[in-house]
Structures are given as C-alpha cells and as structure tokens.
Amino acid sequence: MINRDHAYRMLAWRLKEAGFGGASLDARILVQAACNASDIEMIREPGVMLTPEEENLLGEYEARRLAHEPVSRILGRREFWGLEFEVTSATLDPRPDSETLIEAALDLLRGVEAPRILDIGTGTGCLLIALLHERADAQGVGVDLSADALKVAGRNAARLGVASRARFVEGAWSAGLQERFDLVISNPPYIERDVIETLDPEVKLHDPAMALDGGPDGLDAYRALADEAPHVLVPGGVAVLELGAGQAGPVAALFEAAGFTGMARKKDLAGVERALVARLLAR
C-alpha cells in the first residue's frame, strides 16, 4: 500500500519520464480523483493510505494517460469559464483558448436586453452555457449534427442551471431555424484535412473527427457559416467565430463578401488571433 503523496510523486515521475508536459498537474488531478479527495484533503492529509480499490483505479488512470488519453476524457469532465462540463467521446474537449470567444461575446452583448444567442456546433454546450450563465436574461439555441453530443449539452445545461433558457437542436448549421438571433457564436472545425494526422495523439485520437476536419484548406465551415449567418441574425447582429492560427484574414474576407462589416480580431493569451468578430450590416 502507498499513501497519497507517494502515489502522486511516483505517477508524476513516470509521466515526466514518458515525456508528458504538465506531468505534475496531471498526476495530482488523477490521484485526487482516484482517492475522491478534496483539494484541502490532498494538502492536509498526504499520508492517508490508498485503499486497494483506489490503487487499482489509479493504475487504470495511469495506463490511459500513458496511452495519450487526455485527463479530461479519463475523468469525463473539463473546466471551462470556471464551470465544470461533462465531456464524452462525442464532444470536442473544451479548451481555455475558446474563452476568448466568451470575453468577446459578453462585450458585444453589453447593452443588449434579453439577447438571443445561437451556438452552431455546440458540442458540450460550453460556449452557449457559459454565456447564459453570465447573462441571466439571455436565451439560446445550440445546434449540432451529433445527437450524442446534444445529449451531453443538455445534461450540462441542466446541471449548470440554465436548461430553462437553452434549447438544443440536431441539424446541419442553421438549417430549419426560423428565429433570428442577436449573436451567433461558433467553434467550427477548422483543421486542414491533411494536417489532422500530424496532430498530437490527445487530439487526433480522442476529439471527434467531424469537430476537427475543416476540409482541404480548413475553411469549409466558415464558408457555410458566412452563407447562413445572415439569415439567422437580426440586422446589426454579430458573429463570433473561433479561428485557427493564421485564418483571421481569409475568414474575414469570406464574411465581408457575405455582407458583414466591423471586423475585429481577438487574441488569446498566447497572442494568437483566436476569435473573429463580424457585424451584419443593418438593412
């Protein structure tokens, strides 16, 4: 038998030796989860011995992490915008870079009363739910091709207390929607198809392929969004889109051609232009 501190140190060492960045953090999270211990318990009670069941569970977690399964998928949850979201094999793993979209959207919605929000390719629902959590007067719709992803989004909305203001619809892009929205937000697939095989195993083996594949040049989803967004936005409404590195210029050109103006690019914490804001011309 081993105690919590020894289990943490040994797991961190093995992950570091295997070449994993963030080995110490991964080890702490996995040991804490295996022991079902709080942050305070991990600090105050490092000498508590693991039960055989906890050791076995930690061993399973270690094997899965060494096989490049992300910690969030091992545990089935991921924090985004300070909220905990369920993640499954049907959903994209929410990432901190996407919080850039939330910051931009909240700024744009300041002064808009009872805003209506459309999240295209909602996945876990993290973008829509985070906005609804911040704006108690807002309502929104999340659309996704995956029925399984929509089930996850629905559970996340219920657990985080916004289910009464969120509706989830299965479909392609905005097809079939008759409403108009103040804001469209989307983290679409934007990886060039030939690049997917070169991605880290954590991404290419565990994120859904259809949430990654942006077509030959990575812009297929943006073409569809530029074509459809004008039909679901109110005049003067805004689109907030996640971007891959180097895509701001080409995506802005697509939206300008579709009748959008007021382009603005928002950088993430790494300095990458991560979000594009485009406003639909009022007619």
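Just so you know, these numbers come straight off a predicted model, no measurement behind them.

All right, on to the overall build of the protein chain then. Looking only at helices and strands, the protein chain has eleven helices and nine strands in total. Taken against the 2.2 N^0.38 rule, which gives 19 Å for 283 residues, the C-alpha radius of gyration of the protein chain at 21 Å falls within 12% of a compact globule. In terms of overall dimensions, the protein chain has a C-alpha envelope of 70 × 40 × 35 Å along the principal axes. A burial count over the protein chain gives 48% of its 283 residues as buried. Across the protein chain, the fraction of contacts at a sequence separation of at least 24, relative to all contacts at a separation of at least 6, is 66%. For the protein chain, the computed accessible surface area is about 13,400 Å², with 51% contributed by carbon and sulfur atoms.

As a further point, take the packing of aromatic side chains. With the rule as written, the count across this model stands at two aromatic pairs. Their ring planes at 70° and their centres at 6.2 Å tell us that F80 and F85 sit as a pair that is edge-to-face. F85 matches F80 in its accessibility class, with the two residues each being buried. Ring plane angle 70° and centroid distance 5.1 Å describe the contact between F255 and F260, whose orientation is recorded as edge-to-face. Each member of the pair, F255 together with F260, is buried.

Examined against the element boundaries, L66 turns out to sit in helix α4 (residues 52-66). Judged by its relative accessible area of 35%, L66 is partly exposed. Between the alpha carbons of L66 and A18 there is a distance of 7.5 Å; along the sequence they are 48 residues apart. Here L66 is in contact with R14, L15, A18 and F20, once residues within four sequence places are set aside.

Here helix α1 (residues 4-17) crosses helix α2 (residues 23-35) at 140°, and the two axes come no closer than 8 Å. As summarised for this structure, α1 and α2 are arranged oblique, according to the angle between their axes. Crossing geometry of α1 relative to α2 is assigned as right-handed. Residues R4, A7, Y8, L11, A12, L15 and K16 of α1 form the contact with α2, whose own contacting residues are A23, S24, D26, A27, R28, L30, V31 and C35.

The element strand β6 (residues 181-186) is extensively covered by neighbouring structure, given that five of its six residues are classed as buried. Looking at chain direction, strand β3 (residues 116-120) and β6 are connected through four bridges and run parallel. The residue of β6 that forms the bridge with I120 is S186. Strand direction decides the pairing type here: β6 and strand β7 (residues 233-242), joined by five bridges, are parallel. Within the sheet, the bridge partner assigned to L183 lies in β7 and is V238.

We now examine the layout of surface pockets. Summary: where empty space remains is shown by rolling a probe the size of a single water molecule over the atoms. As a volume, the largest pocket reaches approximately 930 Å³. Lining the largest pocket are 29 residues; nearest its centre among them are I29, V71, S72, R77 and R78. Among the secondary structure elements, those contributing two or more residues to the lining of the largest pocket are α2, α5 (71-75), β1 (77-80) and α9 (201-204). Of the residues forming the lining of the largest pocket, the biggest block, six residues, is contributed by α2. For the lining of the largest pocket, the residue count by class is twelve nonpolar, four polar and 13 charged. The space that makes up the second largest pocket amounts to roughly 500 Å³. In terms of lining residues, the second largest pocket is bounded by 34 residues, among which G121, D144, P189, M210 and A211 are the most central. For the lining of the second largest pocket, the secondary structure elements donating two or more residues are β3, α7 (126-134), β4 (139-144) and α10 (220-232).

Here the focus is the nonpolar core. Residues L118, V141, Y222, V251, F255 and F260 are the most contacted members of the largest nonpolar core, which totals 31 residues. Elements represented by at least two residues in this core include exactly β3, β4, β6, α10, β7, α11 (248-257) and β9 (273-280). In terms of residue count, α10 provides more of this core than any other element does, five residues in total. Not counting the four nearest positions on each side in its chain, L118 is found in contact with V141, V143, S174, L177, F181, L183, V184, I185 and V232. In this structure, L106, I117, L132 and A138 belong to the second largest nonpolar core, which totals 28 residues.

The subject of this paragraph is the sheet that holds β7. Strand pairs in the sheet, formed through backbone hydrogen bonds, run parallel or antiparallel to each other. With mixed pairing, the seven strands of this open sheet are ordered in space as β5-β4-β3-β6-β7-β9-β8. Only two strands of the sheet have a single neighbouring strand rather than two, namely β5 (166-170) and β8 (260-267). Pairwise comparison of adjacent strand axes, ignoring direction, gives a mean angle of 15° for this sheet. Running at roughly 160° to β8, α11 makes contact with β7, β8 and β9 of the sheet.

Procedures and definitions
- Per chain, residues are indexed from 1 in the order of the written sequence.
- Restriction of local features to residues with pLDDT of at least 70 applies here, the model being predicted, together with a cutoff of 80 or more for giving and counting side-chain atom pairs; totals for whole chains, interfaces and linings are based on all residues.
- Heavy atoms throughout the structure, all of them, feed into the side-chain values; hydrogens and water do not.
- Every helix listed is a DSSP run of H or I at least four residues long, and every strand listed is a run of E at least two residues long, numbered separately from the N terminus.
- For the radius of gyration, the atoms used are the C-alpha atoms, and the globule rule reads 2.2 Å times the number of residues raised to 0.38.
- Relative accessibility thresholds used throughout: buried, under 20% of the residue-type maximum; exposed, over 50%; partly exposed, between the two (1.4 Å probe, protein chains only).
- Note on contacts: a residue pair is in contact if any heavy atoms of the two residues lie within 4.5 Å.
- In these tables, accessible area is a Shrake-Rupley quantity obtained with a 1.4 Å probe, and a residue counts as shielded only by the protein chains included in the view.
- The pairing test for Phe, Tyr and Trp rings, Trp by its six-membered ring, is centres within 6.5 Å, and the orientation test on the planes gives stacked under 30 degrees, edge-to-face over 60, and tilted for anything in between.
- Axes here refer to lines fitted to C-alpha atoms; in helices the fit is confined to the stretch in contact. Angles between the N-to-C directions go from 0 to 180 degrees.
- Our angle categories are set so that under 35 degrees counts as roughly parallel, over 145 as roughly antiparallel, 65 to 115 as roughly perpendicular, and the remainder as oblique.
- Two helices cross in a left-handed way if the nearer one is turned anticlockwise from the farther one by less than a right angle. They cross in a right-handed way if the turn is clockwise.
- One requirement defines pairing of two strands: DSSP has to find at least two bridges between them.
- With a 1 Å grid laid over protein atoms only, a set of points is called a cavity when a 1.4 Å probe fits there but cannot get out and a pocket when it is open yet has protein on both sides within 12 Å along at least five of seven lines; lining residues have an atom within 4 Å of a point.
- Grid points are joined across faces, edges and corners, and a volume is the space filled by probe spheres set on the points.
- Ten residue types, Ala, Val, Leu, Ile, Met, Phe, Trp, Tyr, Cys and Pro, are classed as nonpolar, four, Asp, Glu, Lys and Arg, as charged, and the remainder, Gly among them, as polar.
- To qualify as a nonpolar core, a set must consist of buried Ala, Val, Leu, Ile, Met, Phe, Trp, Tyr and Cys residues joined through side-chain atoms within 4.5 Å.

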